[in-house]
Amino acid sequence: VGGAFGLQVLDLDWGIFHRVDGATYNFQYGALPYGNVTFVAPAVHTSEHALGHHLSGAVGPMWVGTAAGLARVTPGHANPAEWRYMYGPRWLPGDESAQSRYEVRLLAATKDGSGAVAVTDSGVAVLRVARYTFENKADMYQRVVPLRHNRYGLVSDCALATPGDVDSFVLTDSDNDGLWTSMYVASQVFRYAAVVDDEQEKLDALNEVTEHFQAVMTLFDMTGAKGFPARSFAQAGDADFDPSHWHNSSTHAGWVWKGDTSSDEIVGHMFLYSVIAHVVPPARDAPAHPLAAVRAEAISKAQELMAAIVRANFTLVDPFTGQPTTWGQWQPERINGDRDFSDQNGLNSLQIVAWLQAVLGMTEHVALRAEFEGALEYLYAQGYNTNLLNAKVTTPDDVNYSDDELTMLPYYTYLLMADAGRKAKADGNRHGNDQSDPWADGGAAVLCSIARTWSEGVGAQRSAMWATIHAAVVRSLLEGDTQGIRGSGDDIADMWLACGGGGAHDVEQAIRDQIDADIEDIAWSLQQWPLELIEWPSRNSQRRDVAIAHDVGRFDEAMATRVLPANERSQPRWNG
């Protein structure tokens, strides 16, 4: 029975009512997101105890219309039960400015509860639950990129001239076209490597890598400055570009490029080059590999980029201004000596250490190796290996999801090329540091840092990509499925737990539990990500099942104490 304050559910076995609303929690029915109920539409069952607590496993889905949106739950299906909340134009016709907003006036569910028809003051919504495999869903997303996100080979944002009409898309540039394109190319490298028995898909992946990798290389070519990539590029006639940020290309007549390139872009570039170097076999092992030339160019570009940064005192110098860019700064004077830059102390230390370690993993040239090793030794002497322990700053500060991205990708970059889990203690004196210092080698520090970062809030985001990276790191602490802690022995695993990875006495079991939790979060995140990829406006402040956190986002926005499913919030990507 629905009412102004929620639901009252009769337990037929015991003859008692259970109250279900957002303020109180019922184990079988969870917490109703919004309490002013207008309609209840449970699935039809033949059992006389359809809602009885002894038959919770047989209870079907229940749709609940409210004065502010629609909700759905399968009682007892999850442990605990989890409501889905559908509010706003993604789900229902309505008007946020109208008094009724998205009030459900009429509601009917299909017999098995897999679908519903909801009527609001603005129209009718037909909703249905459909099954997808992860492969099906990936195929849908894959088809979207060439259709409406390919701008001169860059994977770019697009806006919709008509809300909800994907055919009205308009391609736009962004500050981070280099980052987004690099991440996409990395995904296609993995896709090419993972596909075994589908030649057409393998060819499609190869074509995507080739086309979009060339766009990443063009970011360098446009500037005409060795080792400096643009944020983005475009034809001069595409828009009325701001001359303080956009510059005419000296190498491509009629084209312009965007300067003041940030650390975000370098994070993307080095992530991509490390993935390519790691996944694509060396030419000496597979000279005929279709991506052999891409691998060679990626390694060359990584060396060129890092050499430019090292030789400019660990800064990224914009050729247009002759000065370091706003965020392209990793020099000790700024990292360790400027309090205004203290938020970036651990983060930027992690980035430059990860990149140098990665480029060392792909460099055979003797002089370049010596230069990069000398740079890394210098930064370790400046304390960067301890700075990076605190890569995520949580107090006193806002929560910066963009910086979380700029942390997790360098973790992966480092660990791909350095295999810190095996080398952390064995190479502890490699740079002449005190062997008694547990962080003398960057590998142990990076492992500790990711454990701390995860426990300090990134894990709670339930991001599929971040959980994948974290699970891979945790998995590296185990040898096989049952052989215990590998590499440097139990001390590494104990260190992992001490740094935030958990507090269990059984180290191996704690690690296995964490891997299971990561996999659960990966599946949950991918299941809830919206199919249409439209950033619909949403509002959740009216929800009774959401508690507001004390912290705020970097734009002073309020945040919930738990992450909501992606299709119940407005979020185009994981750094927003």
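In this text the structure is predicted, and so the values were computed from the model without any measurement.

Criteria and cut-off values
- Residues numbered from 1 in each chain as written.
- Predicted model: local features only at pLDDT ≥ 70, side-chain atom pairs only at ≥ 80, totals over all residues.
- Heavy atoms only, no water.
- Helix = DSSP H or I, 4+ residues; strand = E, 2+ residues; numbered from the N terminus.
- Buried < 20%, exposed > 50% of the residue type's maximum accessible area, 1.4 Å probe, protein only.
- Contact = heavy atoms within 4.5 Å.
- Areas by Shrake-Rupley, 256 points an atom, 1.4 Å probe, with all protein chains shown as cover.
- 1 Å grid on protein atoms, 1.4 Å probe; cavity = no way out; pocket = protein on both sides within 12 Å on 5 of 7 lines; lining within 4 Å.
- Points joined across faces, edges and corners; volume = space filled by probe spheres on them.
- Nonpolar A, V, L, I, M, F, W, Y, C, P; charged D, E, K, R; others polar.
- Salt bridge = Lys/Arg side-chain N within 4 Å of Asp/Glu carboxyl O.
- Patch = residues over 30% accessible without salt bridge, like charges linked within 9 Å, V, L, I, M, F, W, Y side chains within 5 Å.
- Lys, Arg positive; Asp, Glu negative; His and termini not counted.
- Charge placed at Lys NZ, Arg CZ, Asp CG, Glu CD.
- Phe/Tyr/Trp six-rings, centres within 6.5 Å; stacked < 30°, edge-to-face > 60°.
- Lys NZ or Arg CZ within 6 Å of the ring centre and 35° of its normal.
- Pairing = 2+ DSSP bridges.
- Axes fitted to C-alpha atoms, helices over the stretch in contact; angles between N-to-C directions.

As a further point, take the overall build of the protein. Of regular secondary structure, the protein possesses 15 helices and 21 strands. Evaluated residue by residue, the protein yields a buried proportion of 52% over its 576 residues. Taking the contacts inside the protein whose residues are at least 6 apart along the sequence as the reference set, 63% of them involve residues at least 24 apart. Total accessible area on the protein is roughly 25,900 Å²; 52% of this is exposed by carbon and sulfur atoms.

This paragraph deals with the layout of surface pockets. Its volume calculated, the largest pocket comes out at about 2,200 Å³. For the largest pocket, the lining is made up of 50 residues, of which Tyr141, Tyr184, Ser187, Trp529 and Leu533 are closest to its centre. Listing elements by their share of the lining of the largest pocket, those giving two or more residues are helix H1 (134-148), strand E13 (157-160), helix H2 (177-194), helix H10 (401-418), helix H13 (464-475) and helix H15 (507-528). Looking at the lining of the largest pocket, the element that brings in the most residues is H1, giving 10 residues. In terms of residue class, the lining of the largest pocket is made up of 31 nonpolar, eight polar and 11 charged.

Here the focus is the pattern of salt bridges. Applying the stated criterion to the full structure yields 22 salt bridges. Two residues, glutamate 103 and arginine 105, come together in a salt bridge whose shortest N-O distance is 3.3 Å. By relative accessible area, glutamate 103 is classed as buried at 17%. Each of Arg84, Arg543, Asp545, Arg562 and Glu568 takes part in salt bridges that share partners, so that together they form one network.

A few words now on a negative patch on the surface. A cluster of acidic side chains, namely Glu135, Asp139, Asp197, Asp198, Glu199 and Asp204, defines a negative patch on the protein surface. Contributions of two or more residues to the negative patch are made by H1 and helix H3 (199-223). With respect to the helices, strands and loops of the structure, aspartate 204 is situated in helix H3. Since its relative accessible area comes to 32%, aspartate 204 is described here as partly exposed.

Here we come to the packing of aromatic side chains. What describes a pair of aromatic rings is the distance from one ring centre to the other and the angle between the planes of the rings. Throughout the structure, instances matching the rule amount to 10 aromatic pairs. Their ring planes at 65° and their centres at 5.9 Å tell us that phenylalanine 233 and tryptophan 255 sit as a pair that is edge-to-face. With phenylalanine 233 in strand E15 (residues 232-235) and tryptophan 255 in strand E17 (residues 255-258), this pair connects stretches of sequence that are 22 residues apart. The interplanar angle of 10° and the centroid separation of 5.9 Å between the aromatic rings of phenylalanine 314 and tyrosine 378 together place this pair among those described as stacked. Highlighted residues: phenylalanine 314 in the loop between helix H5 (292-311) and strand E18 (315-317) and tyrosine 378 in helix H8 (residues 366-381), separated in sequence by 64 residues. For phenylalanine 314, a relative accessible area of 6% puts it in the buried group. Feature note: the residues Tyr85, Tyr87 and Tyr102 constitute an aromatic cluster, connected by ring pairs. Over the aromatic face of tyrosine 192 sits the side chain of lysine 202, whose NZ or CZ is 4.1 Å from the ring centroid. A cation over a ring is seen here: arginine 462 above tryptophan 524, with NZ or CZ 4.0 Å from the ring centre.

The subject of this paragraph is the sheet that holds strand E6 (residues 69-73). The four strands are arranged E4-E5-E6-E7 in an open sheet whose pairing can be described as antiparallel. Either end of the sheet is taken by a strand with one partner, and the two such strands are strand E4 (37-42) and strand E7 (84-86). When the angles between neighbouring strand axes are averaged without regard to direction, this sheet yields 20°. Looking at chain direction, strand E5 (residues 62-66) and E6 are connected through five bridges and run antiparallel. Paired with valine 64 across the bridge in E6 is alanine 71.

A few words now on unusual backbone geometry. Glycine aside, residues mostly have negative phi, and peptide bonds are mostly found in the trans state. The phi dihedral of asparagine 313 falls on the positive side, at around 60°, and the residue is not glycine. With respect to the helices and strands, asparagine 313 occurs in the loop between H5 and E18.

Attention now goes to the environment of phenylalanine 314. Placed 65 residues apart in sequence, phenylalanine 314 and leucine 379 show a C-alpha to C-alpha distance of 9.7 Å. Apart from the residues within four sequence positions on either side, phenylalanine 314 is in contact with Ile309, Gln329, Trp330, Gln331, Pro332, Ile352, Leu356, Ala375, Tyr378 and Leu379.

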